[in-house]
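Tertiary structure, described
Read off the chains here:
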Amino acid sequence: MPRRPVSTPLIVANWKMQLGVAESAERALDLKTRLSGAKGRFQVVVCPSFLSMAGVKKALRGSTMKLGAQDVFWDERGAYTGEVSPVNLREIGAEYVIIGHSERRQLLGETDSMVGRKVISALGHGLTPILCVGETAHERNEGRHELVVARQIISALKTAPPPMGNGRLYIAYEPIWAIGTGEPASPEQALAMHDLIRQTLIELYSLAQVERSFRTLYGGSVTADNVNQYIGPKAYHGALVGTASLQPESFVTVIKHIDQGFTTKHL
Ligand code: 13P
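None of the values given here were measured: they were computed from a predicted structure. The written sequence of each chain sets the order in which its residues are numbered from 1. Under the rules for a predicted model, residues below a pLDDT of 70 receive no local features and side-chain atom pairs below 80 are neither given nor counted, while totals for whole chains, interfaces and linings still include all residues. The side-chain numbers reported here are obtained from all heavy atoms of the structure, hydrogens and water having been left aside.

**Quick word on the sheet that holds strand β5 (residues 128-133)**
The eight strands lie next to each other as β1-β2-β3-β4-β5-β6-β7-β8, forming a closed barrel whose pairing is parallel. Looking at each pair of strands side by side, their axes are set apart by 25° on average, direction ignored. The pairing criterion is simple: DSSP has to find at least two bridges between the two strands. Secondary structure elements follow DSSP: runs of H or I of four or more residues count as helices, runs of E of two or more count as strands, with numbering from the N terminus. When strand β6 (residues 169-173) meets strand β7 (residues 214-219), the two strands line up parallel, connected through five bridges. Opposite L169, over in β7, you have F214 as the bridge partner. Should any heavy atoms of two residues lie within 4.5 Å, those residues are considered in contact. A fitted line through C-alpha atoms represents every axis, and for helices the fit uses only the stretch in contact; the resulting angles, taken between N-to-C directions, go from 0 to 180 degrees. Sitting on the sheet, helix α2 (residues 53-60) is in contact with β2 (43-47), β3 (66-69) and β4 (94-99), with an inclination near 165° to β3. Packed on one face of the sheet, helix α7 (residues 145-157) meets β5, β6 and β7 and runs near 150° to β5.

**Observations regarding the environment of V227**
With respect to the secondary-structure elements, V227 resides in the loop between β7 and β8 (238-241). When the C-alpha atoms of V227 and G238 are compared, they prove to be 8.7 Å apart, with 11 residues separating the residues in sequence. Apart from the residues lying within four places of it in its own chain, the contact partners of V227 are V222, A239, V254, H257 and I258.

**Focus: the side chain of D71**
Counting through the fold element by element, D71 comes out in the loop between β3 and α3 (86-91). Working definition: with a 1.4 Å probe on protein chains only, accessible area under 20% of the residue-type maximum means buried, over 50% means exposed, and in between means partly exposed. On the accessibility criterion, D71 (4% relative accessible area) is buried. For D71, the residues in contact, after removing those within four places along its chain, are F50, E83, L89, V97, I98, R104, E110 and K118.

**Some remarks on the pattern of salt bridges**
It is possible for side chains bearing opposite charge to pair when their charged atoms get close. Whenever Lys or Arg places a side-chain nitrogen within 4 Å of a carboxyl oxygen from Asp or Glu, that contact is recorded as a salt bridge. Considering all chains together, one arrives at 13 salt bridges under this definition. Between E95 and K66 there is a salt bridge, with its nearest N and O atoms 3.6 Å apart. With E95 in strand β4 and K66 in strand β3, this residue pair connects regions lying 29 residues apart in the sequence. Residue classification places E95 among the partly exposed positions, given a relative accessible area of 31%. Here K66 falls in the partly exposed class, since its relative accessible area comes to 26%.

**Focus: the site of the ligand**
For each residue, the test is whether any non-hydrogen atom lies within 4 Å of the molecule or strand; if one does, the residue is near. Taken together, N14, K16, H101, E174, A178, I179, G180, G220, S221, L240, G242 and T243 make up the full set of residues adjacent to the ligand. Contacts described as polar in this section are N or O atom pairs within 3.5 Å, which, within protein, must combine one atom able to donate a hydrogen with one able to accept it, while residues neighboring in sequence count only if both atoms come from side chains. The separation between an oxygen atom of the ligand and a polar side-chain atom of E174 is 3.0 Å. Within the side chain of T243, an N or O atom sits 2.5 Å from an oxygen atom of the ligand. Using the Shrake-Rupley algorithm and a 1.4 Å probe, accessible areas are obtained, with residue cover drawn only from the displayed protein chains. Alone, the ligand offers 310 Å² of accessible surface; in the complex the protein occludes 98% of this.

Purely spatial values, then, with no claim about function.
As structure tokens, then:
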């Protein structure tokens, strides 16, 4: 069996609405200091609140860490009170954007079709989408988790062109019952969903296109101790981290564990 192409793990910090503007910049600077000199094969993305993005971008200057947003609107400009344009995100230096996080779907009524329009918007403006999918505890208990996640992927991507050239699209599997609960998915549950995601993508695109342009992340109560259970050559390509990304010390431990695990698995 040919091995899957090796990709650098992506480690995304989702800071949600947890930090102040100055605090976000301070933590980004702290992260930069702690990671300076690290020669790891990993890519870190920090997604602060919109208002904190400029300060975080400045703090990350001189590091390899990238800036991401937590949402994007589907249109560039217009009468959309309170929304954030993909053009503005690019202007401020964002390269990644989280789309369809379950908190937005559940608390703000974001639908599959809105998520789909946002994915198209991000791709069209050179932002790498991190499309979040995941089922509720109820859906899993009823045995509908695979159907739900496949539907979320298909409806978000059915009208989206595949990423162009070296562009990538990340699918982040975040079971809602694992977010912020300290109860992550078991490796078996997570890997079964990884395979489902991959199969769903292959049905939408070609195998070659999936290998080239699509990557997966696991999210939901990720810690340094459990993260390597999810990442590997036949598993997820990285992690989407909430709580454990808020303190630079714990986030750096997660990153270093991934780096050590990646090196062991690929050498
Ligand atoms: P936790 O890591 O706090 O479970 O949050 C996960 C998440 O929602 C990241 O997007």
